[in-house]
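Commentary on secondary and tertiary structure
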Amino acid sequence: MLLNRSERSFPRVIIIGGGFGGVEVARSLKDKEVEVLLIDRNNFHTFQPLMYQVATGTLAADAISFPIRKMFKSQQNFRFRMADVTEIDHVQKIVKTSVGDYDYDYLVIATGATSNFFGNKQVEKYALPMKSIHEALHIRSYVLQNLEEAVLRKNYHDRERFLNFVVVGGGPTGVELSGAIAEIQLHMLKKDYPELSKNEMKVYLVEGTGKILAALSEKSSQDAERYLRDLGVNILLNTQVTGYDGDTITFSNGESIPTKTVIWGAGVMGQFPAGIHPEIIQRGNRIQTDGQCRVGGMENVYAIGDVAAMITEDTPRGLPGVAPAAQQQGAYVAKHILKNMNNQEATDFKYFDKGAMATIGRNKAVVDMGRFHMKGFLAWLTWMFVHLVSIFGFRNKLVTFVNWTIKFFTKNSGIRLIINKYKRPDIEKETEIEYHS
C-alpha cells in the first residue's frame with residue numbers, strides 16, 4: 001500500500017520509465033531516506049543495445065529482459081507499479097496513471113524515445129520500427145514470413161520484393177541490424193530454404209548523409225562501411241526516403257526498390273505524458289532541461305535520458321542518446337535530490353564520454369575510446385565483453401554467452417521461430433503472383 005503525502009515518513013520520488021536512466025535513479029537511492037516509486041507500462045527492463053539480436057533470431061526476448069521487481073527485490077524503499085502514465089500535474093504534484101493517481105515530492109521523467117518518421121505517415125504505416133521488444137519480435141517474424149512467402153513464388157520477379165530487405169538509418173542500430181540480416185543470407189538461407197538462392201536475397205542500408213556511424217570517428221565509419229560491403233550489404237549514402245507504400249520504397253533521387261520489408265532506424269523522438277509546457281519542447285520532441293537535469297517551470301521535476309534535451313554551452317545539441325549518458329544522469333539526479341533535501345548546493349552535470357562502438361557481423365566491430373581506435377576481431381571481443389557484463393542478471397549473461405558461443409562455432413542463428421505472425425496494415429493492391437504447385 002502506498003501512503004499519501006501527509007502519512008509518509010520520507011519524501012516520495014516517482015520515476016516514470018524503467019530504462020537505463022530510471023533504473024539508475026532507483027538503484028542510487030537504495031537505503032536513502034526516500035520512498036521510491038517506479039512506474040512503467042512493462043514489468044521488465046530491456047537491454048536495448050542487443051534488441052537487434054532478438055529481431056534477427058540470435059537471442060530470445062527474455063535474454064535481454066529482466067523483471068523490474070526482481071531487480072530491486074533487496075531494496076526496501078522501492079515500490080513498482082505497472083501502468084500507463086497519462087498526465088503530470090506539476091501544480092498539485094500528482095502523476096495520473098491508468099491504475100490511479102500518485103502524489104510526489106520529486107519526479108524523474110525517464111520515458112525514453114520512440115521512432116521518428118519525420119511526419120511521413122505513409123512510411124510510418126508500413127515500415128517496421130525497432131524501439132521495443134514487441135517491435136523486435138515483429139521484425140523477426142516478418143523477416144521469416146517473407147522468406148516463407150518467397151519459397152511459394154515460381155519466378156524471381158515474383159520473389160524479388162520478398163527477398164529485398166531495406167534498413168533505413170546508418171547509425172549503430174541500422175549498421176548492426178543490416179549486418180545481422182546479411183549473415184542470415186550468407187549462413188542460413190541455403191540451409192533452411194534450399195529452394196532459394198542466396199544471390200537472390202539482397203540487404204540495403206539507406207543513410208541520408210554521406211557516411212554511416214556519423215557519431216563515431218571517420219576511421220570507424222570507413223571500416224564499418226568496408227565490413228558491411230564485404231558482407232554483401234548495399235549501402236546507399238546521401239539518400240533520403242520519400243515514400244513507402246508497402247510494396248516499393250522510393251527515394252529523393254528518383255530511384256526505388258521493390259520490397260515487403262523496410263526496417264526504420266533513421267531517427268528517434270522523445271515520448272512523455274501530457275502536462276509538459278509546450279514552450280520547453282525542443283527538436284526531436286525532447287524536454288529541455290538546465291545543466292542540473294531540471295525541467296523549467298516545474299518544481300522538483302527532472303528529465304533524463306533520450307527524452308531530455310540538456311541545452312547548455314557545453315552541449316548545445318543535448319547529450320548523445322546512449323545508455324551511459326542516461327545512467328550517468330540517473331546517478332547524478334539521485335545525488336541532486338538528496339542534496340536538495342538537505343539544502344545543499346549542487347554542481348552542474350558533467351557527461352563523461354566512455355567511447356562508442358558498433359559490431360558488424362561475426363568477428364567484426366569498431367571501437368572508439370577517445371583517440372584510441374580498434375577494429376576487427378579485437379574490437380569484436382571488446383564489444384562482446386562490454387555488452388555481456390552490462391546485461392542484468394546472471395542467467396541472462398549466461399544465456400547470451402552460450403548463444404554467442406554456439407553462433408561463433410556454427411555460424412547459425414538458432415531462434416528462427418514465428419510464434420505470432422506479424423500482420424501489417426493492408427496495402428491497396430497486391431502484385432499478381434504465380435505460386436509453386
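Going by the structure above, here's the rest.
First, a word on scope: everything that follows refers to the structure included in this document. (Residues numbered from 1 in each chain as written. Predicted model: local features only at pLDDT ≥ 70, side-chain atom pairs only at ≥ 80, totals over all residues. Heavy atoms only, no water.)

Structural notes on helix H12 (residues 394-410)
- If you check H12, its first and last C-alpha atoms are 24 Å apart, about what 17 residues at 1.5 Å a residue would give, namely 24 Å.
- Inspection of H12 places Asn396, Thr400 and Trp404 among the buried residues, and these make up the whole buried set. Angularly, the buried residues of H12 cover 60° about the axis, an arc narrow enough to put them on a single face. Of the residues in H12, the exposed ones pointing more than 90 degrees away from the buried face are Phe394 and Phe409.
- On its buried face, H12 sits against helix H2 (51-55), strand S4 (65-67) and helix H11 (376-390). (Helix = DSSP H or I, 4+ residues; strand = E, 2+ residues; numbered from the N terminus. Expected span 1.5 Å × (residues − 1). Buried < 20%, exposed > 50% of the residue type's maximum accessible area, 1.4 Å probe, protein only. Arc of directions from axis to C-beta. Contact = heavy atoms within 4.5 Å.)

Examining helix H6 (residues 156-163)
- Inspection of H6 places Asp158, Arg159, Arg161, Phe162 and Leu163 among the buried residues, and these make up the whole buried set.
- Buried positions along H6 lie against helix H5 (133-152), strand S12 (164-168), strand S13 (202-206), strand S16 (248-251) and strand S17 (256-258).
- Sitting at the head of H6, Asn155 places a side-chain oxygen 3.2 Å from the backbone nitrogen of His157. (Polar contact = N/O pair within 3.5 Å; in protein donor to acceptor, adjacent residues only side chain to side chain.)

Focus on unusual backbone geometry
- Of note in the backbone geometry, Leu213 takes a positive phi value of approximately 50° without being a glycine.
- Look at Asn343: it is not a glycine, yet its phi comes out positive at around 55°.
- Mapped onto the secondary structure, Asn343 falls in the loop between helix H10 (323-341) and strand S24 (356-359).

Examining the sheet that holds strand S6 (residues 85-89)
- Taken in spatial order, the three strands line up as S6-S7-S8 in an open sheet, and their pairing is antiparallel. With partners counted over all chains shown, the strands left at the sheet margins are S6 and strand S8 (100-103), one partner each. In this sheet, neighbouring strand axes are inclined to one another by 20° on average, regardless of whether the strands run parallel or antiparallel.
- Pairing between S6 and strand S7 (residues 94-97): four bridges, direction antiparallel. Counterpart to Val85 in the pairing with S7 is Thr97. (Pairing = 2+ DSSP bridges. Axes fitted to C-alpha atoms, helices over the stretch in contact; angles between N-to-C directions.)

Description of the environment of Glu207
- If you trace the backbone, Glu207 turns up in the loop between S13 and helix H9 (218-230).
- Remark: the alpha-carbon pair of Glu207 and Phe44, spanning 163 residues in sequence, is separated by 32 Å.
- A polar atom in the side chain of Glu207 sits 2.7 Å from the backbone nitrogen of Gly170.

Brief notes about the sheet that holds strand S26 (residues 372-375)
- Taken in spatial order, the three strands make up an open sheet running S24-S25-S26, and their pairing is antiparallel. Strand pairing shows two members of the sheet lacking a second neighbour, S24 and S26, which therefore form its edges. Averaged over all neighbouring strand pairs, the angle between strand axes comes to 5°, with direction disregarded.
- Judged from the four bridges that link them, strand S25 (residues 365-369) and S26 form a sheet pairing that is antiparallel. Following the sheet pairing, Val366 is matched in S26 by Lys375.

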